[in-house]
Amino acid sequence: RYYCEKLGPLLGYISYDHYPLNANPYPYVSSTHLLNLEIVANYCKEYDLELRSFVWAKTTEAGHRAIINSNDLSFQVYANLAFGAKEIPYYTYFNYYAEGTDGCYSLIDCYTGERTAAYYWAKEVNNKVHAFEDAYLSFDWVGSMYFDPGLQCQQLSLLETALSSHDRLIDIKSNSDVLVGVFEDEDGE
């Protein structure tokens, strides 16, 4: 709240990161990932700030699970979009690693300038998002809602301000969990 009151008016945004792919003691997704996104998104809405939210894009374990394909990035990007993020940088796009060690851990190899597999995964995700970005950026985030067909997803069950329904959403049919971002235009539609 202090940040929103003191720095928010000067900057106009909150830059936020929470990397949900964890490695220890076994690979898992942080149970508070969506809750933390919800909290920050609600502050952004309350103080009329833009949400800018990083996603984990390293191909090595550095306290977090290494990304292994484009699905790891898609999961993070779309979760951020469902909470109204307007800018989603990759951590890390380019990073240093000790020369002589095994490999690059980012989208770009810092010694060769070569694009890594992670670069192409990010490009794939970005192209999908770019397909609807004009529409997405024309709306403001109102809230998020979810559908849990009895699987008791811990991430979803922790959400505190999730919408329970929306006039324009009649039904969701799915065999797995669904997270939905709710948006409106400048006319409230």
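A brief structural summary. Being a predicted model, the structure only gives us computed values, none of them experimental. Counting from 1, residues in each chain are numbered in the order their sequence is written. In view of the model being predicted, local features appear only for residues whose pLDDT reaches at least 70, and side-chain atom pairs are presented and counted only at 80 or more, with totals across whole chains, interfaces and linings using the full set of residues. The side-chain figures draw on all heavy atoms in the structure; neither hydrogens nor water molecules are used.

**Observations concerning the overall build of the chain**
Formally: Where helices and strands are cited, they refer to DSSP runs of H or I of at least four residues and of E of at least two residues respectively, numbered from the N terminus. As a reference, a globule follows 2.2 Å times the number of residues to the power 0.38, and the radius of gyration itself is taken over C-alpha atoms. Think of it in three bands: residues with accessible area under 20% of the maximum for their type are buried, residues over 50% are exposed, and the middle band is partly exposed, with areas taken using a 1.4 Å probe on protein chains only. Contacts were defined at the residue level, with two residues in contact if any of their heavy atoms lie within 4.5 Å. Methods summary: accessible areas were calculated by the Shrake-Rupley approach with a probe of 1.4 Å, and residue burial reflects only the protein chains presented. All tallies of charge rest on Lys and Arg as positive and Asp and Glu as negative; His and the ends of each chain are not included. Throughout, a charge is located at the NZ atom of Lys, the CZ atom of Arg, the CG atom of Asp or the CD atom of Glu.
Counting its regular elements, the chain contains seven helices and 10 strands. Taking 2.2 N^0.38 as the reference for a compact globule, 189 residues should give roughly 16 Å; the C-alpha atoms of the chain span a radius of gyration of 18 Å, in line with that estimate. Judged by the C-alpha coordinates and their principal axes, the chain covers about 55 × 45 × 35 Å. Counting only residues that meet the buried cut, the chain has 38% of its 189 residues in that class. For the chain, long-range pairs separated by at least 24 residues make up 65% of all intrachain contacts whose partners lie at least 6 apart in sequence. A total of about 11,000 Å² of accessible surface is found on the chain, and carbon and sulfur atoms cover 50% of it. In the chain, 12 positive and 27 negative side-chain charges are present, and the distance between their average locations comes to 1 Å.

**Section: the side chain of N80**
Put simply, the rule is: The definition of a polar contact used here is a pair of N or O atoms within 3.5 Å, where within protein one atom must be able to donate a hydrogen and the other to accept one, and adjacent residues in sequence count solely through side-chain atom pairs.
Topologically, N80 is positioned in helix α4 (residues 70-82). Reaching out from N80, the side chain makes a polar contact with the side chain of S53 at a distance of 2.5 Å.

**With respect to the state of the cysteines**
Note the cut-off: By convention in this document, the label disulfide applies to cysteine sulfur atom pairs within 2.5 Å.
Taken as a whole and judged by the stated rule, the model has zero disulfides. Looking at the unpaired C4, the closest cysteine sulfur is the one in C44, lying at 6.4 Å.

**Things to note about the packing of aromatic side chains**
Between two aromatic rings, the relevant description is the distance of the centres plus the angle of the planes. Just so we agree on the cut-off: In this scheme Phe, Tyr and Trp rings, the latter by its six-membered ring, pair at centre separations within 6.5 Å, and the angle between planes marks the pair as stacked below 30 degrees, edge-to-face above 60, and tilted otherwise.
Tallying each qualifying case throughout the model produces nine aromatic pairs. An angle of 20° between the planes, with centres 5.4 Å apart, marks the rings of Y19 and Y91 as stacked. Highlighted residues: Y19 in the loop between β1 (13-16) and β2 (21-22) and Y91 in strand β6 (residues 90-91), separated in sequence by 72 residues. On the basis of relative accessibility, which here comes to 34%, the residue Y91 falls in the partly exposed class. When the centroid spacing of 6.1 Å and the interplanar angle of 45° are considered together, the rings of F83 and W141 count as tilted. Taken as a pair, F83 in the loop between α4 and β6 and W141 in strand β9 (residues 140-147) lie far apart in primary sequence, 58 residues in all.

**Let's talk about the pattern of salt bridges**
Basically, it comes down to this: Throughout this description, the term salt bridge denotes a Lys or Arg side-chain nitrogen within 4 Å of a carboxyl oxygen of Asp or Glu.
Tallied over the full model, the rule gives seven salt bridges. As a salt-bridge pair, R1 and E46 come within 2.8 Å of each other at their nearest N and O atoms. Pair noted here: R1 is in the segment before α1 (2-6) and E46 is in helix α3 (residues 33-46), with a separation of 45 residues, a long-range link. Residue classification places R1 among the partly exposed residues on the basis of a relative accessible area of 45%. Here the residues in one salt-bridge network are E50, R52 and E87, joined through shared partners.

**Observations concerning a negative patch on the surface**
In plain terms, the rule: Put simply, a patch holds well-exposed residues, over 30% relative accessible area, that have no salt bridge, with like charges counted together within 9 Å and Val, Leu, Ile, Met, Phe, Trp or Tyr side chains within 5 Å.
On the surface, a cluster of negative charge is made up of D48, D140, E184, E186 and D187. Inspection of the secondary structure assignment puts E184 in strand β10 (residues 178-184).

**Topic: the packing of α3 against α4**
The angle between the axes and the distance between the axes are what describe a pair of packed helices. Basically, it comes down to this: Fitted lines through C-alpha atoms serve as axes, helices being fitted only where they are in contact, and the angles separating the N-to-C directions of these axes extend from 0 to 180 degrees. By the definition used in this description, the sense in which the near helix is turned from the far one sets the handedness, with an anticlockwise turn below a right angle giving left-handed and a clockwise turn giving right-handed. Amino acids outside the nonpolar list (Ala, Val, Leu, Ile, Met, Phe, Trp, Tyr, Cys, Pro) and the charged list (Asp, Glu, Lys, Arg) are all regarded as polar, and Gly is one of them.
The geometry of α3 relative to α4 is characterised by a closest axis approach of 10 Å and an angle of 35° between their N-to-C directions. α3 and α4 meet at a crossing whose hand is right-handed. Seen from α3, the contacting residues are H33, L34 and L37; seen from α4, they are F75, A79 and N80. Tallied by class, residues from the contact of α3 with α4 come to four nonpolar, two polar and no charged.

**Here's the deal with the environment of K45**
Its location among the elements puts K45 in helix α3. Each C-alpha atom of the pair K45 and F132 lies 22 Å from the other, and the pair is 87 residues apart in sequence. Discounting chain neighbours no more than four positions away, the residues touching K45 are W141 and V142. Within polar-contact distance, the side chain of K45 engages the backbone oxygen of V142 at 2.5 Å.

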